[in-house]
Amino acid sequence: MQQAAAHDDRAPLARAIALATESAGNGGGPFGALVVTADGRAFEGTNQVTAANDPTAHGEVMAIRTACAELGVFELSGAVLYTSCEPCPMCLAAALWARIERVVFAADRHDAAAAGFDDAAFYAYFETADRSRMPVRQQPLESRVAPFDAWRENASRIDY
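Presented here is an overview of the structure given in this document.

Procedures and definitions
Residues numbered from 1 in each chain as written. Predicted model: local features only at pLDDT ≥ 70, side-chain atom pairs only at ≥ 80, totals over all residues. Heavy atoms only, no water. Helix = DSSP H or I, 4+ residues; strand = E, 2+ residues; numbered from the N terminus. Buried < 20%, exposed > 50% of the residue type's maximum accessible area, 1.4 Å probe, protein only. Contact = heavy atoms within 4.5 Å. Areas by Shrake-Rupley, 256 points an atom, 1.4 Å probe, with all protein chains shown as cover. Lys, Arg positive; Asp, Glu negative; His and termini not counted. Charge placed at Lys NZ, Arg CZ, Asp CG, Glu CD. Pairing = 2+ DSSP bridges. Axes fitted to C-alpha atoms, helices over the stretch in contact; angles between N-to-C directions. Parallel < 35°, antiparallel > 145°, perpendicular 65-115°, else oblique. Left-handed = near helix turned anticlockwise from the far one by under 90°. Nonpolar A, V, L, I, M, F, W, Y, C, P; charged D, E, K, R; others polar. Core = buried A, V, L, I, M, F, W, Y, C linked by side-chain atoms within 4.5 Å. Expected span 1.5 Å × (residues − 1).

### What to know about the overall build of the protein
Alright, step 1. Secondary structure assignment for the protein yields eight helices and four strands.
Alright, step 2. Ordered by position from the N terminus, the helices and strands of the protein form the series α-α-β-β-α-α-β-α-β-α-α-α.
Alright, step 3. The buried share of the protein, reckoned over its 160 residues, is 30%.
Alright, step 4. Put simply, of all contacts in the protein between residues at least 6 apart along the chain, 45% involve residues at least 24 apart.
Alright, step 5. Taken as a whole, the protein presents about 10,500 Å² of accessible surface, with 56% of it coming from carbon and sulfur.
Alright, step 6. Distance between charge centroids for the protein: 5 Å, based on 13 positive and 21 negative side chains.

### Here we look at the sheet that holds strand β3 (residues 80-85)
Alright, step 1. What the four strands build is an open sheet, ordered β2-β1-β3-β4; its pairing is mixed. Two strands close off the open sheet at either side, each with one partner strand: β2 (42-46) and β4 (102-107). Going from strand to strand, the sheet's axes swing by 15° on average, the running direction of each strand aside.
Alright, step 2. The pairing of strand β1 (residues 32-36) with β2 spans five bridges and is classified as antiparallel. Along β2, the bridge assignment pairs A33 with G45.

### Brief notes about unusual backbone geometry
Glycine aside, residues mostly have negative phi angles, and peptide bonds mostly take the trans form.
Alright, step 1. Residues other than glycine seldom take positive phi values, yet N53 does so here, at roughly 50°.
Alright, step 2. Its relative accessible area of 70% is what places N53 among the exposed residues.

### A look at the packing of helix α4 (residues 59-71) against helix α5 (residues 89-97)
The geometry of a pair of packed helices is captured by two quantities: the angle between their axes and the separation between those axes.
Alright, step 1. Packing of α4 against α5 leaves a shortest axis separation of 8 Å and a crossing angle of 20°. Relative to α5, the element α4 is oriented roughly parallel. Crossing hand, α4 versus α5: left-handed. Counting all contacts with α4, which are made through E60, V61 and I64, the residues of α5 involved are M90, C91, A94 and A95.
Alright, step 2. For the contact of α4 with α5, the per-class residue count stands at six nonpolar, no polar and one charged.

### Looking at the nonpolar core
Alright, step 1. Formed by 13 residues in total, the largest nonpolar core has its most connected members in V35, I64, L76, L81 and I100.
Alright, step 2. When contributions to this core are tallied by element, the ones reaching two or more residues are β1 and α4.
Alright, step 3. No other element matches α4, which puts four residues into this core.
Alright, step 4. With residues up to four places along the chain from it excluded, the contact list for I64 reads V35, L76, A94, A95 and A98.
Alright, step 5. If you look at the next biggest cluster of nonpolar residues, it comprises six residues, including L13, L34, V36 and V80.

### Some remarks on α4
Alright, step 1. Taking 1.5 Å per residue, 13 residues should reach 18 Å; α4 reaches 18 Å between its end C-alpha atoms and fits that length.
Alright, step 2. Taken as a whole, α4 has its buried residues at G59, E60, V61, A63, I64, A67 and C68.
Alright, step 3. In the core, the buried residues of α4 are packed alongside β1, β2, β3 and α5.
Alright, step 4. Backbone geometry just after α4 places G72 at a positive phi near 70°.

### Details of the pairing of β1
Alright, step 1. Judged by how many residues are buried, β1 sits mostly within the fold: five of five residues are covered.
Alright, step 2. The two faces of β1 match: G32, L34 and V36 on one face and A33 and V35 on the other face are all buried.
Alright, step 3. Counting the residues between successive antiparallel strands, the hairpin from β1 to β2 contains five residues, one of them, G40, with a positive phi of roughly 95°.
Alright, step 4. By the bridge criterion, four bridges tie β1 to β3 in an arrangement that is antiparallel.

This is the structure:
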């Protein structure tokens, strides 16, 4: 069963690699992604970090943004994210928030590091308790839960 799924993943994964290769040749970053919905619709994204001056404009995030915008939804249950390279922690978190069913990638983080895209410090940040790179701390003000209280009290809210 696992072999059949891997074979079915080849065409969309090859498309993600082609998007990444085209992006790299056109001045974009060498990362491409494809979101394929459960009913087979495909939405593409490439790395636009330098083109958009947006550090969050990774290929996976752009594909998720495109899919959600074009479908008019904020979650992608049942969809698969195909990406030319192992998602960084931000992209993986975006896929989790989008409720992506599974992620399939080609190159891994070590391949990216060999090309100058070394996210090892970011992976380490989440894997260890060392927060020296970017300290994160709580400052608990009395009003800290007011937004959540307002959310719970809003009968017209859209849960997500």
